[in-house]
Amino acid sequence: MPDQDKKVKTTEKSTDKKQQEITTRDYSDLKRLRCLLNVQSSKQQLPAINFDSAQNSMTKSEPAIKVGGHRPRGQWHESTEAVELENFSINYKNERNFSKHPQHKLFQEIFTALVKNRLICREWVNRAPSIHFLRVLICLRLLMRDPCYQVE
């Protein structure tokens, strides 16, 4: 019987440690997104868009870098902000109560930055690729499922 108690305690400790690592990683991801969103529009890193002259179309680059460490011409890469917005939408797609979440303050700051520094910033709206604009709207939609964010 004592061996079973030790196994249960060890399992609980490892589960707690994993949960703490996830929480720490989520917190740092949220802080990074908040910092990226607080960058002024004129200084923001947007995805580089290059049009292929032969096809006159735009395609998303592959995750792996091609031979020689260069990306093929005619393709674009995503900015750090776009990647973080995508991660946010994936990680919190099922969240409904951001106001009751332990990181509520960060969610509030992200929401405010999305609205003030992206959605209502004319310069950013004019410069941002449509896919990046869509990511901002998706994140806002997720946050606005919480009634707290519908009042602000």
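- Looking at an unreviewed UniProt entry, one finds the protein chain named Serine/threonine-protein kinase Nek10-like isoform X1 and attributed to Erinaceus europaeus.

### Considerations on the overall build of the protein chain
Step number 1: Broken down by element type, the protein chain carries six helices and two strands.
Step number 2: Counting from the amino terminus, the protein chain carries its helices and strands in the arrangement α-β-β-α-α-α-α-α.
Step number 3: Here the protein chain holds 152 residues, and the buried ones make up 28% of them.
Step number 4: The long-range fraction of contacts in the protein chain, counting pairs at least 24 apart against all pairs at least 6 apart in sequence, stands at 72%.
Step number 5: By element, 53% of the accessible surface of the protein chain is carried by carbon and sulfur atoms, the whole surface being about 10400 Å².

### Description of the nonpolar core
Step number 1: Core analysis: the biggest nonpolar cluster contains 21 residues, and Phe88, Phe107, Ile110, Leu114 and Leu143 have the highest contact counts within it.
Step number 2: Elements that contribute at least two residues to this core include exactly α1 (2-37), α2 (80-91), α3 (104-119) and α5 (130-143).
Step number 3: Top element by residues in this core is α3. It accounts for six residues.
Step number 4: Those residues in contact with phenylalanine 88, other than ones at most four positions away along the chain, are Leu30, Leu33, Phe98, Phe107, Ile110, Cys139, Leu142 and Leu143.

Parameters and conventions
Residues numbered from 1 in each chain as written. Predicted model: local features only at pLDDT ≥ 70, side-chain atom pairs only at ≥ 80, totals over all residues. Heavy atoms only, no water. Helix = DSSP H or I, 4+ residues; strand = E, 2+ residues; numbered from the N terminus. Buried < 20%, exposed > 50% of the residue type's maximum accessible area, 1.4 Å probe, protein only. Contact = heavy atoms within 4.5 Å. Areas by Shrake-Rupley, 256 points an atom, 1.4 Å probe, with all protein chains shown as cover. Core = buried A, V, L, I, M, F, W, Y, C linked by side-chain atoms within 4.5 Å.

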